[in-house]
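Summary of structural features
Chain residues, written in single-letter form:
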Amino acid sequence: MWRGVVPRILFIAATCILALSLYLFFPISSEPVSVNTHPIGATPNVNEPIRACFVILVRNSELGGISSTIRQIEQRFNKKFKYPYVFLNDDDFTPEFIKTTSALTDVETRYGKVDSQMWGYPSYINQTLAAENREKMAELNIPYASSESYRHMCRFQSGFFFRHPLLDDFDWYWRLEPDVEYHCDLDYDVFKFMRDNGKKYGFNIAFREFGPTVASLWQTVLEFEKAHPEVVAHSPAKKDSLWRFVTDDNGNSYNLCHFWTNFEIASLDLWRSNDYLKFFHYLDTSGGFFYERWGDAPVHSIAAAMFLRKDEFHFFNDIGYRHTAYTHCPVEPEFRQKCSCDPESNFGKSIL
């Protein structure tokens, strides 16, 4: 069934990448570009230690996959910069998991369980209706259509990971996943770069969502704006934000573009803000995470497009990365000595 679907996915994903190039004008160079565009009152003290960590939502059964990821991160980046790891699970971590992962690094590793409030059905969800809708989506052959755990994961990543007590000591995070590949050596501190240059959200791949999974999401976003004019009032003007990355018709509909959130380097303050907490609560109580299959990628992307200025985003072109069948590989010649990936495999190059 995927023979005809994959080329279409590649084609429509190209529109998201093209939108970014037109609306955001990201610099693509061999070194990160410094732009002094700090929000008012947020100029950092460059000598202050950076409170950052890697955040990993993972199961015990994924020990092999996450061990591979950590080895790569240590080799490519963290042996130089020494940031801690926070592992989260909806079950207790096994002694084997803790022993194996902690032995992969000489930095601090923390292990936490996600509670039922963060990973479970809220009282206002009709679980019978949710099950019926999963069956309907499965008939459409939508990925993860029948999965309850996938929906819990999307809701958790959208509205709760940053509230876990193990993250209270941190201001920045880099999200890691099992069974991914990091292809390039990094000789600078990405968190320091983000902080010192007034960036709030860093991404690597832009993609497009399956429409039936988010059928009512955009209408819910518009209803949120009507219900909370105080949030709209102090958000960036649409022309100064990435609003046009997520809508092609001046806000009438969602174009399905999003940042692929399996790779994120971002400020936790973005999600901890009152504006985002109001936004997530409004989405959550609408039921779309369970009655449909709202993903954290479109939720994060739409929120960031609403609440951040264009100059607060950063495209990490220099971080070669593969997740499932899709790879970002820097194509510029200067990266060949730093990266092990084939530039011909680059997701953006292959579809534009």
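A quick note: this is a predicted structure, and the numbers were derived from the prediction, not measured. (Residues numbered from 1 in each chain as written. Predicted model: local features only at pLDDT ≥ 70, side-chain atom pairs only at ≥ 80, totals over all residues. Heavy atoms only, no water.)

The next thing to look at is the pattern of salt bridges. Oppositely charged side chains may form a pair once their charged atoms are brought near each other. Considering all chains together, one arrives at 22 salt bridges under this definition. Here Glu-230 makes a salt bridge to Lys-278, at a shortest N to O gap of 3.0 Å. In this pair, Glu-230 sits in helix α8 (residues 229-233) while Lys-278 sits in helix α11 (residues 274-286), placing the two residues 48 residues apart along the sequence. Classification of Glu-230 as partly exposed rests on a relative accessible area of 32%. With relative accessibility at 32%, the residue Lys-278 sits in the partly exposed group. Of the charged contacts in the structure, one is a salt bridge between Asp-240 and Lys-239, with a shortest N-O distance of 3.3 Å. Among the residues examined, Asp-240 registers a relative accessible area of 35% and is labelled partly exposed. (Salt bridge = Lys/Arg side-chain N within 4 Å of Asp/Glu carboxyl O. Helix = DSSP H or I, 4+ residues; strand = E, 2+ residues; numbered from the N terminus. Buried < 20%, exposed > 50% of the residue type's maximum accessible area, 1.4 Å probe, protein only.)

If you check helix α5 (residues 148-159), its first and last C-alpha atoms are 17 Å apart, about what 12 residues at 1.5 Å a residue would give, namely 16 Å. For α5, the tally of buried residues reaches 9 of 12 residues, placing the bulk of the element in the interior. Among the residues of α5, Arg-151, His-152, Met-153, Cys-154, Arg-155, Phe-156, Gln-157, Ser-158 and Gly-159 are the ones counted as buried. (Expected span 1.5 Å × (residues − 1).)

What follows deals with unusual backbone geometry. The phi dihedral of Asp-179 is positive, around 60 degrees, even though this residue is not glycine. Residue placement: Asp-179 occurs in the loop between β4 (172-176) and β5 (181-182). You will see that Thr-324, though not glycine, has its phi angle at about 50 degrees, which is positive. Considering the arrangement of structural elements, one finds Thr-324 in the loop between β11 (321-323) and β12 (326-328). Residue Thr-324 is classed as partly exposed on the basis of its relative accessible area, which comes to 46%.

Strand order in the open sheet formed by 7 strands is β3-β2-β1-β4-β9-β6-β10, with mixed pairing between adjacent strands. Of all the strands in the sheet, just β3 (109-113) and β10 (313-315) have a single pairing partner and so form its edges. On average, adjacent strands in this sheet sit at an angle of 20 degrees to one another, irrespective of strand direction. The sheet contact formed by strand β6 (residues 201-203) and strand β9 (residues 264-267) spans 2 bridges and is antiparallel. If you follow Tyr-201 over to β9, its bridge partner there is Ala-266. Sheet contacts for helix α2 (residues 63-81): β1 (52-57), β2 (85-89) and β4; angle to β2, the most-contacted strand, approximately 160 degrees. (Pairing = 2+ DSSP bridges. Axes fitted to C-alpha atoms, helices over the stretch in contact; angles between N-to-C directions. Contact = heavy atoms within 4.5 Å.)

Turning next to the sheet that holds β11. With antiparallel pairing, 3 strands are arranged side by side in an open sheet as β5-β11-β12. This sheet does not close on itself; its edge strands, each paired only once, are β5 and β12. Relative to β12, β11 runs antiparallel, the two sharing 3 bridges. Among the inter-strand pairings, His-323 is bridged to a residue of β12, identified as Tyr-326.

Here the focus is the environment of Gly-198. In this structure, Gly-198 sits in the loop between α6 (190-196) and β6. Distance from Gly-198 to Glu-312, taken between C-alpha atoms, is 6.1 Å for residues 114 residues apart in sequence.

Here we come to the pairing of β3. Looking at chain direction, β2 and β3 are connected through 5 bridges and run parallel. For Asn-89, the partnering residue across the bridge sits in β3 and is Lys-113. After leaving β2, the chain enters helix α3 (residues 95-102) and then returns to the sheet as β3, a path that is right-handed. (Right-handed = clockwise from strand over helix to strand, strands pointing away.)

Between helix α7 (residues 217-227) and α11, the least distance of the axes is 10 Å, while the angle of their chain directions is 130 degrees. Looking at the two axes, α7 sits oblique to α11. By crossing handedness, the relation of α7 to α11 is classed as right-handed. Within the contact between the two elements, α7 uses Leu-217, Thr-220, Val-221, Glu-223, Phe-224 and Ala-227 and α11 uses Asp-275, Lys-278, Phe-279, Tyr-282, Leu-283 and Ser-286. In terms of residue class, the contact of α7 with α11 is built from 7 nonpolar, 2 polar and 3 charged. (Parallel < 35°, antiparallel > 145°, perpendicular 65-115°, else oblique. Left-handed = near helix turned anticlockwise from the far one by under 90°. Nonpolar A, V, L, I, M, F, W, Y, C, P; charged D, E, K, R; others polar.)

All quantities given are derived from atomic positions and should not be read as evidence of function.
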